[in-house]
Amino acid sequence: MSHHLGDRVSPLADGHLDHDGRDRALAHLARCDACRREVEAERQTRAVLADLPPAVLPERLLESLLALGTTTGTAGPSRPPVVGRDSLAPPALPRTGGGGDRTAAVAADRRPGGGRPADRADSRRPDGFGAPSGRHSGRRIRAVAVGLVAATAVTVGVASMGLPDGGSPPVAVVPPVEQFAVEHLRSTGSLPFVESAAWLVPVDDRTGQR
Amino acid sequence: MTSSPRGARADRPDRSPVPPAAALPAAVLLAVALLLVVPVFTPATPEAAAADADDDAPAVGLLQRSARSWSTVSFTGTQYLTLGGDTGSAGAVVEVVHRAGGPTRVHVLGTGRHELPASATRVWLAPAGPVDLLVDAYQIRPAGREPVVGRPADVVEARRPDGTLAARLWVDTATGLPLRRELFDTEGSVSQASAFVDLTVQGKVGGLVAGMAEDSPAVAVPGGGGVGAAASGGGSPLDRDDLVALRHQGMACPEEIGDGLVLYEARRVRAGEGRSAVQLSYSDGLVAVSVFEQRGRLDGDRLEGFSGRRVGDGTVWTRSGPPAWATWSTGGSVVTVVSDDPALIPAVVEAVPPGEDGGHGVLARLARAASRVAGWFNPYDG
């Protein structure tokens, strides 16, 4: 593993090496920063070339993206990632609850009528024609809904008996993430075809601890 | 939901001819009926039988033999592991010394020696064994023969339900040892690769590898293992009863993450400063993710190297890997994820959504009670 990749850099970046050759090259890359940088540069160059000519972003799309940015704030300290690689950057997280729905709601409010449901508008008609199937069924539905809410509230109230109330406010926690990586590594030991990325977390040779 | 009850009630507050007292029995009956119907619509767990029908039996047999090989073969070797395919931007070279059915010593060159304590106590929680995780999640097919490190090997492919290639595994024809492994992303690019670049098979069961003492510590080894053969770490294993109790205390402990990551192991582990955490391990047989739940609220200001992003009612903090990390607060607990694949983290966020740092007070108590009631009608809870 002492010899550098040399003219094997391009075939490796292009995926043209056979399996044995690739195994040897990747094993070398795992230990050689210089060759790793060279391969990365080679692939980045290819990626840049592949991306030419640059796409022109429509102004309307740009405005939409900027508007999206205002709904997802970032905060807190940050430092450069351990490995500077796009595919290992924090992933796009799903918008649960607020984000996407809020955007949709704003869009709806901008529509004529403010996005108010049509059935709600109908229900305000003085003749009551907005009701689903007449006066009686509407009352029945209301009564059933009230009953359901009451039954659920009673059930939850009964269930809450005996549960701890949480006591004092929860303590502030900073998770020991490196230690958790060790535990993650241990947990994958029973999986014959899984190889954990936690192997790549540096270990302190003196203590054996990460 | 054909009309807005709120709107109707606001405009005609005094028109109801049905006295509330008369409506209540019918309402209660309907509520009970609805509660009885709920389990019918509870989504079922993935069916292993459907996947099995698509699998090739000899190929599955190869995988099972490969998983057993760690109990029957002693060897020394050098293996590389790289993430991100051919870029080689993150990788390690690992020297492995393994004794059949016994301990394995691993030295990760450049990062340090792994001397993790052995433990024979494991509680396997998944419905089926380690190989079955893979067989259930993917279609298993043979893909010919191709030598690795000069040894004849059988190639097995794992394909996603949509037919795209997820993994290719090279299994030593003579011993069953997994010699090479490649994972592919959904676009067909190699996302992980590992292989032996040097391997010396020492012998079958009971063969001692030179230089390895009988009491050598066992460690987890990349690509290796099998229940009982590989290492297990500190902490204590949790069984299904423990998980039911934890759920009643407000912890999420989901049975499955996303589409096919199955809970296979749970442990209580140390979490620093005299605290403990529950570790929940999920896998589909090719990748794994660990979810740690511990009591408290997340102190995001003291996190190092994390970036925060608002998601739903809370903030999710992420840090690039490998491995990828994410952490957030939810209902009086702090959830921390360690994942081999960063693409798995959103599925965990979806399964255990972030929330406010509450967890105490009347509302939190009522939330736990609601969760408890839901648990009564969930046939898969306990």
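Every value quoted in this text rests on a predicted model; they were computed, and no experiment measured them.

Engineer: Describe the overall build of chain A, and please don't skip the residues or the numbers.
Structural biologist: A count of helices and strands for chain A gives 8 helices and 2 strands. Taken from N to C terminus, the helices and strands of chain A fall in the order α-α-α-α-β-α-α-α-β-α. Counting across all 210 residues of chain A, residues that qualify as buried make up 27%. Considering only contacts in chain A between residues 6 or more positions apart, those separated by 24 or more positions represent 39%.

Engineer: Hey, could you go over the overall build of chain B for me, with residue numbers and the actual values?
Structural biologist: A tally of helices and strands in chain B yields 8 helices and 19 strands. Going through the 382 residues of chain B one by one, you find that 48% of them count as buried. A separation of at least 24 residues holds for 60% of the contacts in chain B among residues at least 6 apart in sequence.

Engineer: How would you summarise unusual backbone geometry if you had to cite specific residues and measurements?
Structural biologist: Residue and element names in this part refer to chain B. Positive phi, normally seen in glycine, also occurs at valine 149, with a value near 45 degrees. By the element assignment, valine 149 lies in the loop between strand S5 (139-145) and strand S6 (153-159). The phi dihedral of cysteine 253 is positive, around 45 degrees, even though this residue is not glycine. In this structure, cysteine 253 sits in the loop between helix H6 (240-248) and strand S11 (256-257).

Engineer: Mind laying out the nonpolar core, listing which residues take part and the relevant values?
Structural biologist: The nonpolar side chains of a soluble globular protein tend to be buried, and buried together. One finds Leu134(B), Tyr282(B) and Val348(B) to be the most contacted residues of the largest nonpolar core, which totals 110 residues. If near-sequence neighbours (up to four positions away) are discounted, Val348(B) is found in contact with Ile257(B), Val289(B), Val291(B) and Val337(B).

Engineer: Please set out the pairing of strand S1 (residues 74-83) of chain B residue by residue, giving values where relevant.
Structural biologist: Residue and element names in this part refer to chain B. Among the 10 residues of S1, 7 are classified as buried, and the element is accordingly described as predominantly covered. Where S1 meets strand S2 (residues 90-98), 9 bridges bridge the pair, whose relative direction is antiparallel. The residue of S2 that forms the bridge with threonine 76 is valine 97.

Engineer: Give a detailed account of the confidence of the model for chain A, specifying residues and quantitative values.
Structural biologist: Residues and elements named next belong to chain A. Here chain A averages 65 in pLDDT, while 54% of its residues score no lower than 70. Helix H5 (residues 98-109) is the least confidently modelled element of chain A, averaging 40 in pLDDT, while strand S2 (residues 172-173) averages 88, the highest of any element. In the model, residues 73-132 has pLDDT below 50 throughout and makes 98 contacts with residues more than four positions away in sequence or in other chains. Note on residues 204-210: pLDDT is under 50 here. Beyond four places in sequence and across chains, it has 15 contacts.

Engineer: Provide a residue-level description of the environment of Thr173(B), including the pertinent values.
Structural biologist: Residues and elements named next belong to chain B. With respect to the helices and strands, threonine 173 occurs in the loop between strand S7 (165-172) and strand S8 (178-184). You can call threonine 173 partly exposed: it has 15 C-beta atoms within 10 Å. Setting aside residues up to four positions removed in sequence, threonine 173 forms contacts with Pro152, Ala153 and Asp154.

Engineer: Could you give an account of the packing of helix H4 (residues 57-72) of chain B against helix H5 (residues 130-137) of chain B, with specific residues and numbers?
Structural biologist: Residue and element names in this part refer to chain B. Running from amino to carboxyl end, H4 crosses H5 at an angle of 150 degrees, the nearest separation of the two axes being 9 Å. The orientation of H4 relative to H5 falls into the category roughly antiparallel. In the crossing of H4 with H5, the sense of the turn from one axis to the other is right-handed. Along the contact surface, H4 presents Val60, Leu63, Gln64 and Ala67, while H5 presents Pro130, Val131, Leu134 and Val135. Looking at side-chain class alone, the contact of H4 with H5 contains 7 nonpolar, 1 polar and no charged residues.

Engineer: Please give an account of helix H8 (residues 177-187) of chain A that cites residues and values.
Structural biologist: For H8(A), the buried fraction is high: 9 of the 11 residues fall into the buried class. Looking at H8(A), one finds that the buried residues are Val177(A), Phe180(A), Ala181(A), Val182(A), Glu183(A), His184(A), Leu185(A), Arg186(A) and Ser187(A). Contacts from the buried residues of H8(A) go to strand S12 (261-270), strand S13 (276-283), strand S14 (288-295), strand S18 (324-330) and strand S19 (333-339) of chain B.

Engineer: Before we move on, can you summarise the environment of Asp185(B) with the specific residues and values?
Structural biologist: All names here are of chain B. Locating aspartate 185 in the fold gives a position in the loop between S8 and strand S9 (190-203). The exposure class of aspartate 185 is partly exposed, given the 16 C-beta atoms found within 10 Å. Considered as a pair, aspartate 185 and threonine 164 are 21 residues apart in the sequence and their alpha carbons are 9.0 Å apart.

Engineer: So what about the environment of Thr82(B)? Which residues, and what values?
Structural biologist: Residue and element names in this part refer to chain B. Within the fold, threonine 82 resides in strand S1. For threonine 82, a count of 29 C-beta atoms within 10 Å puts it in the buried group. With 11 residues separating them in the primary sequence, threonine 82 and valine 93 have C-alpha atoms 8.7 Å apart.

Definitions and cut-offs
- Residues numbered from 1 in each chain as written.
- Chains lettered and ligands numbered in written order.
- Predicted model: local features only at pLDDT ≥ 70, side-chain atom pairs only at ≥ 80, totals over all residues.
- Helix = DSSP H or I, 4+ residues; strand = E, 2+ residues; numbered from the N terminus.
- Buried ≥ 20, exposed ≤ 12 C-beta atoms within 10 Å, placed from the backbone.
- Contact = placed C-beta atoms within 7 Å.
- Core = buried A, V, L, I, M, F, W, Y, C linked by C-beta atoms within 7 Å.
- Pairing = 2+ DSSP bridges.
- pLDDT = per-residue confidence, 0-100.
- Axes fitted to C-alpha atoms, helices over the stretch in contact; angles between N-to-C directions.
- Parallel < 35°, antiparallel > 145°, perpendicular 65-115°, else oblique.
- Left-handed = near helix turned anticlockwise from the far one by under 90°.
- Nonpolar A, V, L, I, M, F, W, Y, C, P; charged D, E, K, R; others polar.

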